[in-house]
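What follows is each chain in one-letter form.
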Amino acid sequence: LAREKQREAEKKKQNVKFVVAFQKKVMEVEFGPEEDFLTVKAYLEKKTGVRRDAQKLMYKKMLADKDKVGHCLKGGCKVMLLGQATLKVEEEEEEEEKEQKEEEAKKTGGEGGGEGGG
């Protein structure tokens, strides 16, 4: 049991923490050294709205999808994400839903009087 905990602690130490810069935003991320950049792109797709196939990750050179995180990056490095956001981001969707509910509430509350014309 103690060995298992030690192994888990070692795995966490081995994870590579790095920063992804995209459109004036900086995101701290952490991935295992054996994970490939396709996994990283899938994660970034949810966070940025840039489709996986439209993403270009750069750190000293272009990072290929099949490259391993631990082989290409050092902890604390800065990776640039290039791409055009075409998908909605999770946070934006929540804000839009909230705004729509508020507008519906205004419409429902604002109706009633009606204008007479003739």
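Since we're looking at a predicted model, the values are computed, not measured.

A. How the structure looks around the pairing of strand β2 (residues 25-31). Strand direction decides the pairing type here: strand β1 (residues 16-22) and β2, joined by seven bridges, are antiparallel. In the sheet register, Phe-22 faces β2, and the bridge partner there is Lys-25.

B. Region of the structure containing the side chain of Gln-55. Mapping Gln-55 onto the fold places it in the loop between α2 (37-48) and β3 (56-59). Side-chain polar atoms of Gln-55 contact the backbone oxygen of Lys-41, separated by 3.1 Å. Not counting chain neighbours up to four residues away, the residues in contact with Gln-55 comprise Lys-41, Leu-44, Glu-45, Val-50, Leu-81 and Leu-82.

C. Layout of the environment of Arg-52. Looking at the secondary structure, you find Arg-52 in the loop between α2 and β3. Under the relative-accessibility criterion, Arg-52 is labelled partly exposed at 39%. Separated by 13 residues in the primary sequence, Arg-52 and Asp-65 place their C-alpha atoms 9.7 Å from one another. Beyond its immediate stretch of four places on either side in the chain, Arg-52 contacts Leu-38, Lys-41, Ala-42 and Glu-45. Side-chain polar atoms of Arg-52 contact the side chain of Glu-45, separated by 3.1 Å.

D. The arrangement of α2 in detail. Spanning twelve residues, α2 covers 15 Å between terminal C-alpha atoms, matching the ideal 16 Å at 1.5 Å per step. Those residues of α2 lying buried are Phe-37, Val-40, Lys-41, Leu-44, Glu-45 and Thr-48. When α2 is viewed along its axis, its buried side chains cluster within an angular range of 145° and face the same direction. As for α2, its buried residues are in contact with β1, β2, β3, α3 (69-72) and β5 (78-82). Gly-49 occupies a position one or two residues after α2 and carries a positive phi of about 85°.

Cut-offs and rules
Residues numbered from 1 in each chain as written. Predicted model: local features only at pLDDT ≥ 70, side-chain atom pairs only at ≥ 80, totals over all residues. Heavy atoms only, no water. Pairing = 2+ DSSP bridges. Helix = DSSP H or I, 4+ residues; strand = E, 2+ residues; numbered from the N terminus. Polar contact = N/O pair within 3.5 Å; in protein donor to acceptor, adjacent residues only side chain to side chain. Contact = heavy atoms within 4.5 Å. Buried < 20%, exposed > 50% of the residue type's maximum accessible area, 1.4 Å probe, protein only. Expected span 1.5 Å × (residues − 1). Arc of directions from axis to C-beta.

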